[in-house]
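Residue-level listing of the chains:
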Amino acid sequence: SSYIIVMLARQLRLVLMAQELVAERMTKDEVGRRLGLTASLPLRKTMEQAGRYSQWQMIAMHRRLMDTDLAIKRGAVASELALETLVAELCGVARE
């Protein structure tokens, strides 16, 4: 479960950074270099996500991810249940 959270956090950070770089009018290639994404598929997917979600949605998703991580680490909730709930909540935020 911790690996999933780490990878989700990484992707959310990449998308947030891509949004900021695009707002600064950087080219796709420059965004890729700045994010360290050299392969075309991960860069394309990240750029698509950056355009699909608002910065507010991305921040809300990242905040929810951090809350879930803390709840698991504190033992407040079982990791499987927390991840299932997180996915459902992230889908809800994405639809807003």
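Everything that follows concerns the structure shown earlier in this document.
One structure accompanies this document, and this report is about it. (Residues numbered from 1 in each chain as written. Predicted model: local features only at pLDDT ≥ 70, side-chain atom pairs only at ≥ 80, totals over all residues. Heavy atoms only, no water.)

**Some remarks on the overall build of the chain**
Line of reasoning, step 1. A count of helices and strands for the chain gives five helices and zero strands.
Line of reasoning, step 2. N-terminal to C-terminal, the α/β element order of the chain is α-α-α-α-α.
Line of reasoning, step 3. Looking at the chain alone, contacts between residues at least 24 apart form 63% of all its contacts between residues at least 6 apart.
Line of reasoning, step 4. Counting every atom, the chain has about 6,300 Å² of accessible surface; 56% of that belongs to carbon and sulfur.
Line of reasoning, step 5. Where the 14 positive side-chain charges of the chain centre and where its 11 negative ones centre are 4 Å apart. (Helix = DSSP H or I, 4+ residues; strand = E, 2+ residues; numbered from the N terminus. Contact = heavy atoms within 4.5 Å. Areas by Shrake-Rupley, 256 points an atom, 1.4 Å probe, with all protein chains shown as cover. Lys, Arg positive; Asp, Glu negative; His and termini not counted. Charge placed at Lys NZ, Arg CZ, Asp CG, Glu CD.)

**A few points about unusual backbone geometry**
Line of reasoning, step 1. The backbone of R25 sits at a positive phi, close to 65 degrees, despite the residue not being glycine.
Line of reasoning, step 2. Looking at the element boundaries, R25 is found in the loop between helix 1 (2–23) and helix 2 (28–35).

**Quick notes on helix 2**
Line of reasoning, step 1. Those residues of helix 2 lying buried are V31, G32 and L35. Within helix 2, the buried residues cover an arc of 100 degrees as seen down the axis, which keeps them to one side. Counted as exposed and oriented over 90 degrees from the buried face of helix 2: D29, R33 and R34.
Line of reasoning, step 2. Looking at the packing, one finds that the buried side of helix 2 touches helix 1 and helix 3 (40–52). (Buried < 20%, exposed > 50% of the residue type's maximum accessible area, 1.4 Å probe, protein only. Arc of directions from axis to C-beta.)

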